[in-house]
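# Examining the three-dimensional arrangement
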Amino acid sequence: MSESFLLRYVHEPDQGELDAYLSRGGYEGLRRALAMAPEQVTDEVEKSGLRGRGGAGFGTGRKWKFLPRDPAVTKYLVVNADEGEPGTFKDRTLLECDPHRLIEGIVIAGYAIGAHQAFIYLRREFHRARGLLERAIAQAYAKGYLGADIQGSGYRLDVVVATGAGAYIAGEETALLESLEGRRAMPRLKPPFYPAVKGLYMQPTALNNVETLCHVAWILARGQEWYRQQGAPILFSVSGHVQRPGVYELPLGTTIRKVLEAAGGMRPGRAFKACFPGGSSAAILPEAYLDTPMDYDLTKLDVYGSMLGSAALIVMDDSTCMVEVVARTVEFYRDESCGKCTPCREGTVWITQVFDRILHGQGRTEDLDLLNGIAKGMTGTCFCPLGESVPPAIYSTLRFFRHEYEHHIRTASCDVRAAAHA
Amino acid sequence: MPDLSDAAKTEIRRLMAQFPHRQSALLGALFVAQEEAGVLFPEIVAQVAEVMRLPESEVTSVASFYHLFRFKPEGRHLIQVCTNVSCLLNGCDRALERLKHRLGIEVGETTPDGRFTLRTAECLAACEIAPMMMIGPDRHGPVQPEQIDEILGKYV
Ligand SMILES: Cc1cc2nc3c(=O)[nH]c(=O)nc-3n(C[C@H](O)[C@H](O)[C@H](O)COP(=O)(O)O)c2cc1C
Ligand code: SF4
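Every residue gets a number counted from 1 within its own chain, in the order that chain's sequence is written. For naming, the first written chain is A and the first written ligand is 1, with later ones following in the order written. Given that this is a predicted model, residues contribute local features only at a pLDDT of at least 70 and side-chain atom pairs are listed and counted only at 80 or more, while totals for whole chains, interfaces and linings are drawn from all residues. Just so you know, side-chain values use all the structure's heavy atoms and leave hydrogens and water out.

## Describing the overall build of chain A
Numbering of helices and strands runs from the N terminus; a helix is a DSSP stretch of H or I covering at least four residues, while a strand is a stretch of E covering at least two. Tallying secondary structure elements over chain A gives 19 helices and nine strands in all. In this treatment the radius of gyration is a C-alpha quantity, and the globule benchmark scales as 2.2 Å times the residue count to the 0.38 power. By the compact-globule yardstick of 22 Å for 422 residues, chain A fits well, its C-alpha radius of gyration being 22 Å. Overall, the C-alpha framework of chain A stretches about 75 × 45 × 35 Å when taken along its three principal axes. Counting all 422 residues of chain A, 61% fall into the buried class. Note on contacts: a residue pair qualifies if any of its non-hydrogen atoms lie within 4.5 Å across the two residues. Long-range contacts, defined as pairs at least 24 residues apart, comprise 70% of the intrachain contacts of chain A with a sequence gap of at least 6. Surface accessibility in these figures is a Shrake-Rupley result with a 1.4 Å probe; residues are shielded only by whichever protein chains are displayed. Accessible surface, chain A: about 15,200 Å² in total, of which carbon and sulfur atoms supply 51%. The cut-offs for exposure are 20% and 50% of the maximum accessible area for each residue type, with area from a 1.4 Å probe on protein chains only; residues under the lower value are buried, those over the upper are exposed, and the others partly exposed.

## Considering the overall build of chain B
Helices and strands together make up the secondary structure of chain B, namely seven helices and four strands. Secondary structure of chain B in N-to-C order comes out as α-α-α-α-β-α-α-β-β-β-α. On the principal axes, the C-alpha backbone points of chain B span a range of 50 × 30 × 25 Å. In chain B, which comprises 156 residues, the proportion classed as buried is 54%. The long-range share in chain B, meaning contacts at least 24 apart out of those at least 6 apart in sequence, stands at 60%. Accessible surface computed for chain B: about 7,000 Å², of which carbon and sulfur atoms make up 50%. Think of it this way: Lys and Arg go in the positive column, Asp and Glu in the negative one, and His and the chain ends go nowhere. By convention, charge coordinates are those of NZ in Lys, CZ in Arg, CG in Asp, or CD in Glu. Positive and negative side-chain charges in chain B, numbering 16 and 21 respectively, have mean positions lying 2 Å apart.

## Considering the interface of chain B and chain A
Contact residues are listed per partner, giving 38 residues for chain B and 54 residues for chain A. Here chain B packs against chain A, burying approximately 3,700 Å² in sum over the two surfaces, 58% of which is carbon and sulfur. Buried surface area refers to the total accessible area, computed with a probe of radius 1.4 Å, that the two partners give up upon joining, counted for both partners together. When residues of chain B are sorted by the area they lose upon contact with chain A, F65, L89 and E128 of chain B head the list and together hold 17% of the total. A carboxyl oxygen of Asp or Glu within 4 Å of a side-chain nitrogen of Lys or Arg is what we treat as a salt bridge. If you look at where chain B meets chain A, you find four salt bridges. Whenever a nitrogen or oxygen atom comes within 3.5 Å of another N or O atom, the pair is scored as a polar contact, on the condition that within protein one atom can donate a hydrogen and the other can accept it, and that pairs from neighbouring residues in sequence are kept only if both atoms are in side chains. Taken together, the links from chain B to chain A amount to 23 residue pairs in polar contact (both at pLDDT 80 or more). Breaking the side of chain B that touches chain A down by element, the ones donating at least two residues are helix 2 (26-37), helix 4 (56-65) and helix 5 (85-89) of chain B. When residues are sorted by character, Ala, Val, Leu, Ile, Met, Phe, Trp, Tyr, Cys and Pro go into the nonpolar class, Asp, Glu, Lys and Arg into the charged class, and all the rest, Gly among them, into the polar class. The residue makeup of the side of chain B that touches chain A, split by class, is 20 nonpolar, twelve polar and six charged.

## Focus on the sheet that holds strand 1 (residues 76-81) of chain A
All names here are of chain A. If you trace the four strands from one edge of the open sheet to the other, you get 3-2-1-4, paired in parallel fashion. Either end of the sheet is taken by a strand with one partner, and the two such strands are strand 3 (158-163) and strand 4 (205-209). Averaged over all pairs of adjacent strands, the angle between their axes in this sheet comes to 20 degrees, without regard to strand direction. Relative to strand 4, strand 1 runs parallel, the two being bridged by five bridges. Pairing of V78 across the sheet is with L207, part of strand 4. Fitted lines through C-alpha atoms give the axes, limited to the stretch in contact for helices. The angle between two N-to-C directions lies from 0 to 180 degrees. On the sheet, helix 9 (residues 210-222) packs against strand 1 and strand 4 and is oriented at approximately 95 degrees with respect to strand 4. Pairs of strands are assigned from DSSP output, requiring at least two bridges between the strands.

## Points about the site of ligand 1
Residues and elements named next belong to chain A. The rule for a residue being near a molecule or strand is that one of its heavy atoms must lie within 4 Å of it. Within the structure, ligand 1 sits among 19 residues, and G54, K63, N208, N209 and T212 are positioned closest to it. At 2.7 Å from an oxygen atom of ligand 1 is found a side-chain nitrogen or oxygen belonging to K63. In the environment of ligand 1, a nitrogen atom lies 3.3 Å from a nitrogen or oxygen atom belonging to the backbone of G171. When the free accessible area of ligand 1 is taken as 610 Å², the share hidden by the protein chains comes to 90%. Listing elements by their share of the shell around ligand 1, those giving two or more residues are strand 4 and helix 16 (385-388).

## What about empty space enclosed by the protein?
Residues and elements named next belong to chain A. For cavity detection a 1 Å grid was placed over the protein atoms alone, and a set of points counts as a cavity when a 1.4 Å probe fits there but cannot get out; an open set counts as a pocket when protein lies on both sides within 12 Å along at least five of seven lines, with lining residues being those that have an atom within 4 Å of a point. Grid points are joined across faces, edges and corners, and a volume is the space filled by probe spheres set on the points. A complete count under the given rule lists three cavities of 30 Å³ or more for this structure. Each pocket or cavity is described by its volume, and for the largest cavity that value is around 90 Å³. Lining the largest cavity are 13 residues, and of these P187, C338, C341, C344 and C384 sit closest to its centre. Partitioning the lining of the largest cavity into residue classes produces nine nonpolar, three polar and one charged.

## Considering the pattern of salt bridges
The tally for this structure, following the rule as stated, stands at 40 salt bridges over all chains. We note a salt bridge from R70 of chain B to E74 of chain B, for which the minimum N-O separation is 3.0 Å. The exposure class of R70 of chain B is buried, given its relative accessible area of 9%. Under the relative-accessibility criterion, E74 of chain B is labelled partly exposed at 21%. Two residues, K100 of chain B and E97 of chain B, come together in a salt bridge whose shortest N-O distance is 3.3 Å. A residue pair is termed a helical-turn pair when its members lie 3 or 4 positions apart in one helix, as K100 of chain B and E97 of chain B do in helix 6 (residues 92-103) at three residues. Overlapping salt bridges, with partners in common, bring together R92, E96 and R128 of chain A together with E128 and R139 of chain B in one network.

## Section: the site of ligand 2
All names here are of chain A. Lining the immediate surroundings of ligand 2 are 13 residues, of which C338, K340, C341, C344 and C384 lie closest. Molecules are considered to sit inside a cavity or pocket once more than half of their atoms lie within 2 Å of its grid points. Most atoms of ligand 2, that is more than half of them, are within 2 Å of grid points of the largest cavity. Here the shell around ligand 2 is built from residues that sort into nine nonpolar, three polar and one charged.

## Examining the packing of helix 3 (residues 38-48) of chain A against helix 9 of chain A
Each packed pair of helices is defined by two parameters, the angle between the axes and the distance between the axes. Residues and elements named next belong to chain A. Between helix 3 and helix 9, the shortest axis-to-axis distance is 10 Å and the interhelical angle comes to 105 degrees. Taken together, the axes of helix 3 and helix 9 are roughly perpendicular relative to one another. Residues V41, E44, V45 and S48 of helix 3 touch helix 9, and the partners they reach there are V216, I219 and L220. Oblique is the label for any angle not under 35 degrees, not over 145, and not in the 65 to 115 range, which are roughly parallel, roughly antiparallel and roughly perpendicular in turn.

On their own, these measurements won't tell you what the molecule is for.
Here it is in structure tokens:
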């Protein structure tokens, strides 16, 4: 990739100020978009090849095209700023370091789909981001980048920042809409409730991730051809046992090994053991997969349901007890399950009970089959992807790290920990 | 039980006016109430319901779904220690043990002087500073056990 742009200005302390943003070419993309017809803007985004960065990787331009064009139909734009996938922190970084980029992307997207009202569903714990974003929004209103007649174009868009209240499931798009309507964040049935058809207040709604909309601002500023030449950049959140955890901008399809290297590699004296390539909803992959490209293309990363997801690479070194990691992961899904469907609500509880006894030295030989069986019972049976996120880590560790489970069960102790602390 | 102030009610009405449907302001309204009253006592929930013209049962049901609403008194400063994978890998257990020891409380409890409440949290989207925690609105990390006294000292 020739240059980094999503992160180019994140170290500039004044980037959140409108004047500084403008002096660095900010709102150029919006200016260009407003000179085009809305359909042309959508085409430009579609041609860029941009796929949503919230986790599902759906084509952004295509998604916008599902919304009806009829100007008489009220449409909404909703921004998913609820970032909660374990290991993911790139949206928070963008919100805190380049808030006007998001606002620019919002106005462009709103214009493309014909919305006059946008809502940003912001994670409650993002206190710093909230302050900076509200300040940037006020500046944008004051200078005619939001509100009525944006930059003399006749286009009107209002933006309101709404709040989450602590619920991972609210990041799922239909649960987010429920939450934004002031209800319990429980997913809606799809079909019929695809947001583009029946979204917020049952109106057609485009729902996009923070990073996705920042890409949109750059695509319009520089043109889709330039963007494609950059090699489809993506933000990787790298954490765990690496030397320099952080957000890295690299082309889509970079191998796990290269992403790991960008983050400084493993810590001294430690060896790579395994990783989650796409947040904890992905399967855990061992060393043999280090040269796998990190891409949405399922033929590449799909090992036991592993995936790029939110592009959060969580790296584990040879001191890691895999049984403990999976146990903690399942506990997370148990605690965050909305309780709507049985396989997820009950399955996560049963699985954590089995892990508890294995980790407390009371595991039984038949527990491994039991874990596999419960995971099977959850596969393809859950109402939403949260429940479906549990089996991949179970299947992959039962396959690649089975000996660790067996050792725990046989000896009631952890040899990995013992070796690491020897 | 003090009533919600007029200022809080005005703020709730301002939030309601931001949305085409007033119920969309509910989460924000509950935070306004919680910040003023400290706790979402049933009487406070009832007042939020009244201002928003929503059934009290609906407001209670919604509030009970989310992790960040409080139904019993807590300390002045909420400590949230992330225990999700990235922080687990980086030793959040040690930081948590130290906190429990220094505060003399278990997870979920409040110090007798009402200063701190200790909780664990799921990923707070700041894994670059794992192991991390939040105290009130502030992020701290990477948290080394030996820094904990100094960090706690900033909160009175
Ligand atoms: C359990 C669950 C949690 C999710 N959390 C988030 C999130 O925090 N942020 C996000 O942008 N997308 C999240 N998603 C994906 C959204 O449902 C949705 O696909 C995305 O926001 C669409 O935006 P995009 O097309 O721009 O990626 C989550 C999905 C699931 C199933
Ligand atoms: S899979 Fe889990 S989170 Fe999703 S609807 Fe079912 S219970 Fe709720």
